Structures are given as C-alpha cells and as structure tokens.
Amino acid sequence: MQNTSEVQEKYTTKMAREWLWLAVLSLGVAGIYSILLVLGRAPVFQGNFLGVKNFFSVALVAHVDLSVLVWFIGMSLLLMVQVFARSTQHWLLQYSQRAVWLCIAASALCMALAPWATPAEVIKSNYVPVLANPVFYLGLGLLFAGVGIAILLSFLHFWLPAAPQKPTHIFGVPFATMQVAAHSMGGVLLLAMVAQILTAPQVQAQFGKEIFFEQLFWASGHILQFLYTQLVMVCWLILAAALGWSTLVEHRFMRSLLWLNLAAATLGLLAFAKFPVIDAEFTSYFTDHMRHYGGIASGLMAVILLVTMGLKLDTFARHLVAWTGLLVSILLFGFGGGLGFAIAGANVTIPAHYHGAIVAVTLATMGAVYALLQQFGAAFDAHSRLAQVQLWLYAVGQLMHVGGLAWSGGYGVLRKTPGGLDAMPAAVKVAMGIMGLGGLLAII
C-alpha cells in the first residue's frame, strides 16, 4: 500500500506534466499564428498573402494572447502550484489546483478557436488584444477565473496543514527560494487583479471598443509585466541550479531581488490614488513606472549571473543546454530592455522592445523546461545538440527580428499595421527584410 505522501507526490508530478503540456501547446499554436505575422510584415508578401490585412490582425491577437498570457501565466502557475502542492497536504489543495488548470486550459482553447468561431472585430489593445466575439470573451473570463483561484490558493497555502516532510529543494532550487518565488508571483497576480477591479468601473464604453479595451487592460497589463520579469528571474535561478551554482542560488540576496520586484510592482497601484483611469496622466504614470522600476531587480540578477558565468566557465560542461538558455536569454533581455529607452512615437520600435524582452523570458523558460524534463520523467540529454541549436537559432532569429524592427522604427514605420512601405527608403525595406528573415529563423 502506498502512503499518502507517495500518492501526493505522484499526483503532483502528474499535474506538473499537465501544466507543461498546456503551456507548450499554447506556445505551439501561437507559433502557427506567428507565421502569418512574419509573412504579413515581410516586404515580398505585402498585401499579397491570403488577404494579409485581415489575417495579420487576427493572427496578432491569437499570437499575443497565447504566447504571452497563456504561456507565461501557465508557466508561472506551474511553478507556484508545485511549491504549494509539495509543501502542503490537504484534499482542498488538490481540487483547487485542478480547477485552476481546467480554467486555463479551457481559456487557451477558446482563444485558439476564437478567430474561426464567428466573425470578430479585431481590437489591438495593448497587453491584451481582443477579438470581439463570445468565444474570445469566454476565454478571457476563464483566464481571470483561473488566476483568481490561484491567488486564493496562494493565501490558502498559509492555512492548510503542512506536508509531513517539506522538500529541501524544488526543481533543484532551495525550497526557501522557491517559496519566495511562488508567493511573490502570487503577489504580482494579486496586484494585477486589484488593478483590473479598480479599473473596470471607470472605463467608458461610449468612446468605442478600441479606447474601452485599451483603458480596461492598461493598468493590469502593465503590472503583469512584473510577473513575467519574476518568471524570468525564477527560471534563471533554475538554470543556475542546473549548472551547480548552489551557493549563489540559495543566497539571501537572490531571494531579496524577488521581493524587490514585487515591491516595485506595488508602486503601480499609486496611480489609482493620483489620477482617474481615463486621464492621460494615468497612462503616462504606468509607462514611466515600467521604465524606471521594471528592470531594477532583473537587471541586478542578470549582471550577477553574467559575472558568475565569466568566473565559472568550466561549469558549462555540466549542463550545456542550461548554459545556453541562460546566456541567450540574458543577452536578449538586455537588448530588448535597452530598446525601451529608444522608444519615441507609435512605431515598430515598441514591438522591437517588447519582443526582445518577452522572447528573452520565453528563452529562459524553455531552458528551464529542458533542465526540468528529467524530473518530469523524460529521458532528456543535458548536452543535447538539437536543443542547443534550437535555443541559438531562436535567439539569433529574434535578434535579427528585433534589430530589423528597431532599425525600421527609426524611419517611423508604424506598429500593428502591415504595408505602407512603398514610399519608404530602401534602407527600411532592407531592415524589414532582415526582420522577416529573423522571424522565419525563430519559427524554424
């Protein structure tokens, strides 16, 4: 007969695999949509690819929501739920984490099918672009429900009975650090939910759907960027642990950086005390908030890890895939973050900035998943040449993609709008060609 702890361990590992399948499948479907995005931007296909304007807009919404909202929130919830499930023992926790998974899975399915369900108006609002049809709205509602249950789970964890024996490590990272990671990510999710609740009564529908959804998701979407920053830092720690840097990973200063990022996110709520949601000052506050505070904790951790990589070059042989994932994600994160200071106007420098930063999070998360696959029961080679090539190809492709967008942004090429390059200088067409080639490399 198996004891309760063994049954719980099997169930927890099973849930981890299910979360991983959900997150990766969401990213895969988003990748299919990204093919349409790249072809819609590349000069050779301008206006000639299957009615590109309509497909570009629909693909943009599905791509962003699946590759950012579902992928990042799904991976964050995977890490959070694993910490709670491995340190707490109660039937309520088991049902709660299953409810969270079902909500997020159903949400992803709705978002993936929404473009083909019924005709939908495309609303390219920042952070959460929308397809205005019932299927997509249902997907958004399910996403909010899943996140809400996860937040309750974060609080519930304090009151449920502890497991007979708490783990010393989770995913190779000391339990104390992973516990801080789980609760700080839960804290950022709570801040985003509070921002959403405070925003909703103030937005005004009479100005049209574009303005309505832009205002509705502006504050909560901005705060969610701190969740993604938290996720990349946790993945960096998992990769560092895979490389054997135990002293660094368990250092109290690394945990303090996770709390620092949560504290920085909290400052976003001050906007509600200062300005009405519909004021331009409210919008500017969050832009400045991200620019001034969004990269402090992650920047410090990135510098520490890069210095460590230089001092411990010999450790790359321990886990070549983890080493590659850590290096390329930090480099792209720095490049994308630096472009944020070059933004001037509503041109493609903006997507260049967030594609660099967001793809860096994806690279770190991909590397962390590879480092964890053995714990999920997969036979994965830590020195897999194919995985290394994949990470480098994705990173180099995105550097070309981001670089091409940033170069074009200097000439005023508009974001979210394919076409319009005929009157542009030849340099712009070259830059957008590089962007398209880089995007195709990343897809490969």
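Values in this document were obtained by computation on a predicted structure and should not be read as measured data.

This next bit is on the side chain of His319. Within the secondary structure layout, His319 lies in the loop between α11 (296-311) and α12 (320-339). Separated by 3.0 Å, the side chain of His319 and the backbone nitrogen of Ala322 make a polar contact. Separated by 3.5 Å, the side chain of His319 and the backbone oxygen of Ala382 make a polar contact. Leaving out residues up to four positions away in the same chain, His319 has contacts with Ala242, Leu243, Ala371, Ala382 and His383.

Taken as a whole and assessed by the stated rule, the structure comprises two cavities of 30 Å³ or more. Empty space within the largest cavity amounts to approximately 160 Å³. Lining the largest cavity are 15 residues; nearest its centre among them are Phe144, Ala192, Gln196, Ser220 and Leu224. Mapped by element, the contributors of at least two residues to the lining of the largest cavity are α2 (52-87), α4 (134-156), α5 (175-199) and α6 (209-242). Taken together, the residues of the lining of the largest cavity sort by class into twelve nonpolar, three polar and no charged.

Next up on the list: α6. Along its 34 residues, α6 runs 47 Å from first to last C-alpha, staying within 8% of the 50 Å computed at 1.5 Å per residue. Along its length, α6 shows its largest kink, about 45 degrees, at Trp218. For α6, the tally of buried residues reaches 29 of 34 residues, placing the bulk of the element in the interior. Just beyond α6, the residue with positive phi is Gly244, at close to 90 degrees.

Turning our attention to the confidence of the model for the protein. Per-chain confidence: the protein averages 83 in pLDDT, with 82% of residues scoring 70 or above. Within the protein, helix α15 (residues 426-443) has the poorest average pLDDT of any element, 67, and helix α8 (residues 252-266) the best, 96. Ignoring residues within four places in sequence, the model shows residues 410-421, a span with pLDDT below 50, making 45 contacts including any to other chains.

Moving on to the nonpolar core. Counting 142 residues, the largest nonpolar core has Trp19, Leu77, Trp236, Trp245, Phe286, Leu305 and Leu326 as its most contacted members. If you tally residues by element for this core, the top one is α2, at 23 residues. With near-sequence residues (within four places) excluded, Leu77 lies in contact with Trp19, Val100, Ile104, Ala150 and Leu189.

Reading guide: rules and limits
- Residues numbered from 1 in each chain as written.
- Predicted model: local features only at pLDDT ≥ 70, side-chain atom pairs only at ≥ 80, totals over all residues.
- Heavy atoms only, no water.
- Helix = DSSP H or I, 4+ residues; strand = E, 2+ residues; numbered from the N terminus.
- Polar contact = N/O pair within 3.5 Å; in protein donor to acceptor, adjacent residues only side chain to side chain.
- Contact = heavy atoms within 4.5 Å.
- 1 Å grid on protein atoms, 1.4 Å probe; cavity = no way out; pocket = protein on both sides within 12 Å on 5 of 7 lines; lining within 4 Å.
- Points joined across faces, edges and corners; volume = space filled by probe spheres on them.
- Nonpolar A, V, L, I, M, F, W, Y, C, P; charged D, E, K, R; others polar.
- Expected span 1.5 Å × (residues − 1).
- Bend = angle between axes of the 7 residues up to and from the residue.
- Buried < 20%, exposed > 50% of the residue type's maximum accessible area, 1.4 Å probe, protein only.
- pLDDT = per-residue confidence, 0-100.
- Core = buried A, V, L, I, M, F, W, Y, C linked by side-chain atoms within 4.5 Å.

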